[in-house]
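# Descriptive analysis of the structure
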Amino acid sequence: MALDVAKIKRDFPLLSRTVRHELPLVYLDSGATSQKPLAVIDAESDFYRNHNSAVHRGAHLIAEEATDIYEGARAKIAHFIGADDVDEVIFTKSATESLNLLAYSFGQSESSSAISLKLGDSIVVSELEHHANLIPWQELAKRTGASLRWFPSTEDGRLDLSGLEQIIDVSTKVVAITHQSNVTGAISPVSKILERARNVGAITVLDACQSVPHFPTDVKTLGVDFIAFSGHKMVGPTGIGLLWGRKELFERLSPFLFGGSMVTSVSMTEATYATAPRRFEAGVPNMAGAAGLSAAVDYLESIGMESIHNHELALTEYALTQLQAISGLTLIGPKNSVDRGAVFSFTLDGIHPHDVGQALDDRGIAVRTGHHCAWPLMKKFGITGTTRATFYLYNSLEDVDRLVEGIHHTQDFFGARGIS
Amino acid sequence: MINLESLYQELILDHYKNPLNKGLSKNPIASVHHVNPSCGDEVDLNLELDGEMKLGVTWDGIGCSISQASTSVLSDLVKGKSSSEALGIIEAFSEVMSSKGSISGDPELLGDAVAFAGVSKYPARIKCALLGWMALKDAMLQAKLID
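These lines cover the structure that appears in this document, whether it is placed above or below. In this text, all values refer to a predicted model and were calculated from it rather than measured experimentally.

### With respect to the overall build of chain B
A tally of helices and strands in chain B yields six helices and three strands. In chain B, the order of α-helices and β-strands from amino to carboxyl end is α-α-β-β-β-α-α-α-α. Taking 2.2 N^0.38 as the reference for a compact globule, 147 residues should give roughly 15 Å; the C-alpha atoms of chain B span a radius of gyration of 14 Å, in line with that estimate. Projected onto its principal axes, the C-alpha coordinates of chain B cover approximately 45 × 30 × 25 Å. The burial tally for chain B puts 43% of its 147 residues in the buried class. Sequence separation of 24 or more characterises 60% of the internal contacts of chain B that already satisfy a separation of 6 or more.

Printed below as a string of structure tokens:
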């Protein structure tokens, strides 16, 4: 069923504001962060107004309520991603922290553990990775002597799996891949990669930041070992990230941060550590963030992830047609809607992305410009950056029209002044 | 009112289309490479000094119209100036850039660079305008012309 975008837009207070020259906002930067519905803002506020207390600690009613809210959020996330065991969901501060947790802990594990790395082992990523799913693995490779390998990008910004058997081989201990590129929108052919990884006994990690918010994601169907994603890209609050992983693997991982809440016993010289999730949640966590995230999951489920996906598919098909009809525009990413999200990176002949972004901003259109934390991919394409428009459940076909009109205006503005 | 026309003044786009002193000289006394990590814009800048201790700047770069035009204007502005004069110009320009539109700049001192005053109303673009200027300051530090 088609989404009632006008109604959805009204749920997001920020989307009703005006920007430069009193123009209505066209928000096309959800790939960076999504806007928040009132229900999420209210849930976070309600936590502070009525339930604020340290979870898992206090001997009082409010602490019980806070714990219920926090653990309720964990259960909700587990259900949302199809995880059977609630304890397999770890709250972090961001997806970046989730990925760093894994890369750190893989480097710390006992040498008897299958997760430890050494000289001669390899870690596999891709050229499409966001810096957050690249640099932690670069550093792990440096610390352990393992080599870093990667799948290249094809010309249209998809993963090139032609070297699958060579890139993932018996030396491969970790495969960490984006589920959907934040630059090109390409959805990775994960089943082929995961199958190969399983065959060689490698641990698999998916950067699901651009997938979980946009289409139904089920960790059991995926057959992956770990996924990382963030709350703020799925209409939830900032400052809360997620890591889901298989329980038996979490038990073999060293903790990442040490301190309160994550121990079973402590003496002056040593400590023993709790099992997941507490093992990886040292300190007082982001409880209000969890309350907001819980409301975000409720909100997304009330609309339906399948409906959101179908809506974005319709936007993608329309935007691909409209954008590719613009003379002087080069789309950096798949040219068709197959296995592709509503992420559109492009360059305009003769006009630098930063100048494009500025001209669009002048028309009330919010996009992102630059390298999108995927500098190696920019180098691959021989460009310094792109202009990127990303769409979500609250964007309409009219928003595509506004973008196209804004691009024409940008070309006219700079063209009339002898640029481009 | 802030609008696109006031930001992208004709003079800025003229420098962007026809940059001055672009192309690196052979024998610099200092050579620097500056990058704006948030957008990837780059400027290479070579600093020269003649027998009378007067400056010369050549540069190369890739980036947006603001960063490239601003470096072009800078290279023309400091040509033949002493290092202390150049430092005064850089400081005056930095002051305009951090003024959020409240200081328009002294045309006697800043010449064509006053055209960038509008940039200071766009916080995300201030680094673009300052890219070449910070590169020159760095080159003068490396050459021990200032401290």
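Now that the structure has been shown, the text picks up again.
### A look at the overall build of chain A
Counting its regular elements, chain A contains 14 helices and 15 strands. Relative to the 2.2 N^0.38 estimate, which gives 22 Å for 420 residues, the radius of gyration of chain A is 22 Å and therefore close to what a compact globule would have. With the C-alpha coordinates of chain A rotated into their principal frame, the extents come out at 75 × 55 × 40 Å. Here the analysis covers contacts within chain A between residues at least 6 apart in sequence; of these, 70% occur between residues at least 24 apart.

### Describing the sheet that holds strand 5 (residues 172–178) of chain A
Residue and element names in this part refer to chain A. Ordered by their spatial adjacency, seven strands build an open sheet running 2-8-7-6-5-3-4, and the pairing between neighbours is mixed. The two strands at the open ends of the sheet, each matched to only one other strand, are strand 2 (89–92) and strand 4 (147–151). With direction set aside, neighbouring strand axes in the sheet form an average angle of 20°. Where strand 5 lies against strand 6 (residues 203–207), five bridges are found, and the strand directions are parallel.

### Points about the interface of chain A and chain B
Chain A puts 17 residues into the contact, and the matching count from chain B is 15 residues. For the side of chain A that touches chain B, the secondary-structure elements that each account for two or more residues are helix 12 (353–361), strand 14 (368–370) and helix 13 (375–380) of chain A. Looking at which element gives the most residues to the side of chain A that touches chain B, the answer is helix 12 of chain A, with four residues. Its residues assigned to classes, the side of chain A that touches chain B shows five nonpolar, nine polar and three charged.

### Focus: helix 10 (residues 287–303) of chain A
All names here are of chain A. End to end, helix 10 covers 25 Å across 17 residues, agreeing with the expected 24 Å (1.5 Å per residue, within 8%). With 13 of its 17 residues buried, helix 10 lies for the most part within the structure. Positive phi appears at Gly-304, one or two residues downstream of helix 10, with a value of about 100°.

### Remarks on the environment of Ala-78 of chain A
Residues and elements named next belong to chain A. Looking at where Ala-78 falls in the secondary structure, it is placed in helix 3 (residues 61–80). Along the chain, Ala-78 and Val-219 lie 141 residues apart, while their C-alpha atoms are 9.5 Å from each other. Leaving out residues up to four positions away in the same chain, Ala-78 has contacts with Ala-83, Val-86, Glu-88 and Val-89.

### Considerations on the sheet that holds strand 11 (residues 329–332) of chain A
All names here are of chain A. Strand order in this open sheet of four strands is 11-12-15-14, and the pairing throughout is antiparallel. Edge positions in the sheet fall to strand 11 and strand 14, since each has one partner strand and no second. In this sheet, neighbouring strand axes are inclined to one another by 30° on average, regardless of whether the strands run parallel or antiparallel. Both strand 14 and strand 15 (residues 386–390) contribute to a ladder of three bridges, which runs antiparallel. In the sheet register, Thr-369 faces strand 15, and the bridge partner there is Thr-387.

### A short note on unusual backbone geometry
Residue and element names in this part refer to chain A. Backbone torsion omega between Ala-276 and Pro-277 reads 5°, so that peptide bond is classified as cis. Within the fold, Pro-277 resides in the loop between strand 10 (271–273) and helix 10. Backbone geometry places Glu-22, a non-glycine residue, at a positive phi of 60°.

### Topic: the packing of helix 2 (residues 10–17) of chain B against helix 3 (residues 65–77) of chain B
Residues and elements named next belong to chain B. Where helix 2 contacts helix 3, the axes come no closer than 8 Å and their chain directions differ by 85°. Put simply, helix 2 runs roughly perpendicular to helix 3. Across from Ile-12, Leu-13, His-15 and Tyr-16 in helix 2, the residues of helix 3 making contact are Ser-65, Ile-66, Gln-68, Ala-69, Ser-72 and Val-73. Here the residues of the contact of helix 2 with helix 3 are counted per class, giving six nonpolar, four polar and no charged.

### A look at the environment of Asp-362 of chain A
You can see Asp-362 of chain A is positioned in the loop between helix 12 and strand 13 (365–366). If near-sequence neighbours (up to four positions away) are discounted, Asp-362 of chain A is found in contact with Arg-20 of chain A together with Asn-3 and Leu-4 of chain B.

### Focus: the pairing of strand 2 (residues 41–49) of chain B
Residues and elements named next belong to chain B. Relative to strand 2, strand 1 (residues 30–36) runs antiparallel, the two being bridged by seven bridges. Residue pairing for strand 2: Asn-36 is matched across the bridge by Asp-41. Taking the residues between adjacent antiparallel strands as the criterion, strand 1 and strand 2 are bridged by four residues, where Gly-40 takes a positive phi near 90°. Strand direction decides the pairing type here: strand 2 and strand 3 (residues 55–62), joined by eight bridges, are antiparallel. For Leu-45, the partnering residue across the bridge sits in strand 3 and is Trp-59. Counting the residues in the hairpin turn of strand 2 and strand 3 gives five residues, including Met-53, whose phi is positive at 60°.

Calculation rules
Throughout, a residue's number is its position along its own chain's written sequence, starting from 1. Working convention: letters from A go to chains and numbers from 1 go to ligands, in the order in which they are written. Per-residue local features are limited, in this predicted model, to residues with pLDDT of at least 70; the limit for side-chain atom pairs, both in listing and counting, is 80 or more; totals at the level of whole chains, interfaces and linings are taken over all residues. Helix and strand labels come from DSSP, where a helix needs a run of H or I of at least four residues and a strand needs a run of E of at least two; each type is numbered from the N terminus. For a compact globule the rule gives 2.2 Å times the number of residues to the power 0.38, and the radius of gyration it is set against comes from C-alpha atoms. With C-beta atoms placed from the backbone, the exposure class of a residue follows from how many other C-beta atoms lie within 10 Å of its own: 20 or more, buried; 12 or fewer, exposed; in between, partly exposed. Think of it this way: build a C-beta for each residue from its backbone, and any pair within 7 Å is a contact. DSSP-based pairing: two strands are paired if at least 2 bridges between them are found. Note on geometry: axes are lines fitted to C-alpha atoms, helical ones only across the stretch in contact, with angles between N-to-C directions running from 0 to 180 degrees. When residues are sorted by character, Ala, Val, Leu, Ile, Met, Phe, Trp, Tyr, Cys and Pro go into the nonpolar class, Asp, Glu, Lys and Arg into the charged class, and all the rest, Gly among them, into the polar class. Here the expected span of a helix is defined as 1.5 Å times the quantity of residues minus one. Every angle not falling under 35 degrees, over 145, or within 65 to 115 is termed oblique; those three ranges are roughly parallel, roughly antiparallel and roughly perpendicular.

The analysis is restricted to geometry; functional conclusions fall outside its scope.
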